[in-house]
Amino acid sequence: MAGILGRKQQAKLAEAMSKRSHFSKDEVDKLLDMYTALTAGNSRLDRNKFRDVLHNTFDMTDDILMDRVFRAFDKDMDSVLSQEEWVLGLSVFSKRHFGGESCILF
């Protein structure tokens, strides 16, 4: 039963996040699944795991750049990423345009 309630909550969150990002509802749902797998059920993604994602997914190796990307994602500056920060950060990070928030990476 908890799994069903969790999926319903995730579906509502995916719907809301799709309106605030350039991702579709299905894409947000997959990103939330990825977040859950990365955190192994914990509620937040820490800096070290996030750096592993940047390195393994985007082949990023520059420590300073990885820390700046993390800080750009971590809007509330609590040193961990919530699901919302994860999805919205990836929305900016993966968006293929110049201007807007893309300049925060540099």
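Residues numbered from 1 in each chain as written. Predicted model: local features only at pLDDT ≥ 70, side-chain atom pairs only at ≥ 80, totals over all residues. Heavy atoms only, no water.

Visitor: Quick rundown of the pattern of salt bridges? Include the residues and the values.
Guide: A full pass over the atoms with the stated rule returns 7 salt bridges. For the salt bridge of Glu 15 with Lys 19, the shortest nitrogen-to-oxygen distance reads 3.9 Å. You can see Glu 15 and its partner Lys 19 sitting in helix α1 (residues 2-20), 4 residues apart, about one turn around the helix. For Asp 63, the salt bridge is made with Arg 51, and the minimal N-O distance between the two is 2.6 Å. With Asp 63 in helix α4 (residues 63-73) and Arg 51 in helix α3 (residues 47-58), the pair connects residues that are 12 residues apart, well separated along the chain. Among the residues examined, Asp 63 registers a relative accessible area of 44% and is labelled partly exposed. Within this structure, Arg 47, Arg 51, Asp 63 and Asp 67 form a network of salt bridges that share partners. (Salt bridge = Lys/Arg side-chain N within 4 Å of Asp/Glu carboxyl O. Helix = DSSP H or I, 4+ residues; strand = E, 2+ residues; numbered from the N terminus. Buried < 20%, exposed > 50% of the residue type's maximum accessible area, 1.4 Å probe, protein only.)

Visitor: I'd like a description of the packing of aromatic side chains, backed by residues and values.
Guide: By the definition in use, this model includes 3 aromatic pairs. Here Phe 50 and Phe 73 contribute two aromatic rings whose centre-to-centre distance is 4.9 Å and whose plane-to-plane angle is 55 degrees, an arrangement assigned as tilted. Of this pair, Phe 50 sits in helix α3 while Phe 73 sits in helix α4, and the two are 23 residues apart along the sequence. Residue Phe 50 shares its accessibility class with Phe 73, and that shared class is buried. One aromatic cluster is present, formed by Phe 50, Phe 70 and Phe 73 through successive ring pairs. (Phe/Tyr/Trp six-rings, centres within 6.5 Å; stacked < 30°, edge-to-face > 60°.)

Keep in mind that these numbers describe shape and distance, not what the molecule does.
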